[in-house]
Each structure stands twice: as structure tokens, then as C-alpha cells.
Amino acid sequence: MKYLLRMVRPRFEVKLIEIEAESEAVARLTATTQALVSKQGWKLIERSTDDYFPHIERCLSETDLGANEMTEEEAREELASISAPDMDKYFLLYADAFAGEGELVPQPWMLRKSSLMITDLCSDWIEDLQALAESEHEEFEEHVRDVSPAETANILLFKLKRDGPNDEDPPAGAAE
């Protein structure tokens, strides 16, 4: 059977923003707002094959094509497109591997989804993270092991809605 696969790999851009502010929290908020409205000054960071693997985002078999009433040419065109797919989204976890610290990096698309959808997605992610932690560390913290993926997902959802980005217009004066 023939399969068509859409491969993706992470690439990041960097931009320096200088902010005068009365606190780090205000500086972070102002910089984030400026970064959202700014189109200039972004540079693509060199790709790191040592740190990031390609990922299979979609895999369609000949059977899938028939079930979706899609020709092979239509599938090739869709899978090769550089347009962002409507249904495929990414959730980011940031790691400072030197300091041993990490943080959740919520994405705007998450705020447009229902709480039930986010809880379901987070449950899937949490199970993978828990399995990774358990396989790598024999002394995995007991309180984490006792929390169900759904409970952990609800905690993440609360954090996202409390701290996450929003779709509101940037504050006045935030443009470059």
C-alpha cells in the first residue's frame, strides 16, 4: 500500500527587543505585545538537527484517500502545501536545559477551542509526559503519579486561561 506523509520540523525566529519598564512583568508584557505587531527584525535561527527531529504530522494511505473522496494528486498538493493546516496545531513547552527550568508556552489557538477539547488534548500530552518521566526516573514524584491525566489537563487549562495569551488588540503605544 502506498502512503503519503507530511513531515514538519521546528524552526524558530529570534528578535531583540529593548524595553524601559518599571518591572520585569511589564517589560515582558510590553515586549510580547511588540513582538505580536512587529513584522521587521526577525531572523531565522539556524536549524538544529541535534536538538529537533522531523515529525510526521499526517500520514494518508490509499484507503484514507478513498474514504475522504480525495485523489492522490489532491492529497499530494495538500500535504506539500506551505499553508498552515487548519486542524494541525502545536503546543510548546520551553526548556532552559542549563538551569533545569521549564515553562508552558500557551498558544492563541488554544483560547479558541472549547475547554473540553483542550482537556482532551492535554490528557493525551500528559500521558506521554508522565510515561517519559516514569521511564527516565525511577523516583518519579508520587504526587504526580497519583494525579490523573484529566486532572493535570484541567490544571494546565486553568493556567492557560489565567496566564495565556489573548486575542485582544495590543495596548496603545505598543507598536514599533
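Residues numbered from 1 in each chain as written. Predicted model: local features only at pLDDT ≥ 70, side-chain atom pairs only at ≥ 80, totals over all residues. Heavy atoms only, no water.

A. Main features of the overall build of the chain. Across its full length, the chain holds seven helices and six strands. Element order for the chain, N to C, with α for helix and β for strand: β-β-α-β-β-α-α-β-β-α-α-α-α. When the 176 residues of the chain are sorted by exposure, 20% land in the buried category. Residue pairs at least 24 apart in sequence account for 69% of intrachain contacts in the chain once pairs closer than 6 positions are excluded. When the accessible surface of the chain is summed, it comes to about 13,800 Å², and 53% of that surface belongs to carbon and sulfur atoms. (Helix = DSSP H or I, 4+ residues; strand = E, 2+ residues; numbered from the N terminus. Buried < 20%, exposed > 50% of the residue type's maximum accessible area, 1.4 Å probe, protein only. Contact = heavy atoms within 4.5 Å. Areas by Shrake-Rupley, 256 points an atom, 1.4 Å probe, with all protein chains shown as cover.)

B. Region of interest: the pattern of salt bridges. By the definition in use, this model includes six salt bridges. Lys2 is the salt-bridge partner of Glu72, the closest N and O atoms lying 3.0 Å from each other. Taken together, the positions of Glu72 in helix α3 (residues 72-80) and Lys2 in the segment before β1 (3-8) put the pair 70 residues apart, joining distant regions of the chain. Exposure remark for Lys2: the relative accessible area of 37% places this residue in the partly exposed category. (Salt bridge = Lys/Arg side-chain N within 4 Å of Asp/Glu carboxyl O.)

C. Structural context of a negative patch on the surface. A grouping of Asp120, Asp124, Glu127 and Asp128 is seen on the molecular surface, where their side chains present a negatively charged patch. The topology assignment puts Asp120 in helix α5 (residues 115-136). A relative accessible area of 44% places Asp120 in the partly exposed class. (Patch = residues over 30% accessible without salt bridge, like charges linked within 9 Å, V, L, I, M, F, W, Y side chains within 5 Å. Lys, Arg positive; Asp, Glu negative; His and termini not counted. Charge placed at Lys NZ, Arg CZ, Asp CG, Glu CD.)

D. Representation of the environment of Phe91 in the model. Positionally, Phe91 belongs in the loop between α3 and β5 (92-96). Look at Phe91 and you get buried, because its relative accessible area is 18%. Once the C-alpha coordinates of Phe91 and Met110 are considered, the two residues, 19 residues apart in sequence, prove to be 8.5 Å apart. Sequence-distant contacts of Phe91, that is, excluding residues within four places in its chain, are made with Leu104, Met110 and Trp125.

E. Representation of the nonpolar core within the structure. Formed by Phe91, Leu104, Trp109, Met110, Ile118 and Cys122, the largest nonpolar core amounts to six residues. At the level of elements, α4 (108-111) and α5 are the ones that each hand at least two residues to this core. Among the nonpolar cores identified, the runner-up in size contains five residues, and Leu4, Leu60, Ala75 and Leu79 belong to it. (Core = buried A, V, L, I, M, F, W, Y, C linked by side-chain atoms within 4.5 Å.)

F. Spotlight on unusual backbone geometry. Positioned with a positive phi, Glu69 is a non-glycine residue whose angle comes to about 50°. Tracing the backbone shows Glu69 in the loop between α2 (62-67) and α3. Residue classification places Glu69 among the exposed positions, given a relative accessible area of 75%.

G. Fine view of helix α1 (residues 24-37). In this model α1 runs 20 Å from its N-terminal to its C-terminal C-alpha over 14 residues, within 8% of the 20 Å that 1.5 Å per residue would give. Within the sequence span of α1, burial applies to Ala27, Ala31, Thr33 and Gln34. Along the long axis of α1, the arc covered by the buried residues comes to 160°, so they all point the same way. Of the exposed residues in α1, those oriented more than 90 degrees away from the buried face are Ala25, Arg28, Leu29 and Leu36. (Expected span 1.5 Å × (residues − 1). Arc of directions from axis to C-beta.)

H. Representation of the pairing of strand β6 (residues 101-105) within the structure. Across five bridges, the pairing between β5 and β6 is antiparallel. Counterpart to Leu92 in the pairing with β6 is Val105. Where β5 folds back on β6, the antiparallel hairpin that results is connected by four residues, among which Gly100 adopts a positive phi of roughly 70°. (Pairing = 2+ DSSP bridges.)

I. Region of the structure containing the confidence of the model for the chain. Mean pLDDT for the chain: 81, with 76% of residues reaching 70 or above. Across residues 139-143, where pLDDT falls below 50, the model places three contacts with residues more than four positions away in sequence or in other chains. This stretch, residues 165-176, has a pLDDT under 50; its non-local contacts, to residues over four places away or in other chains, come to 18 contacts. (pLDDT = per-residue confidence, 0-100.)

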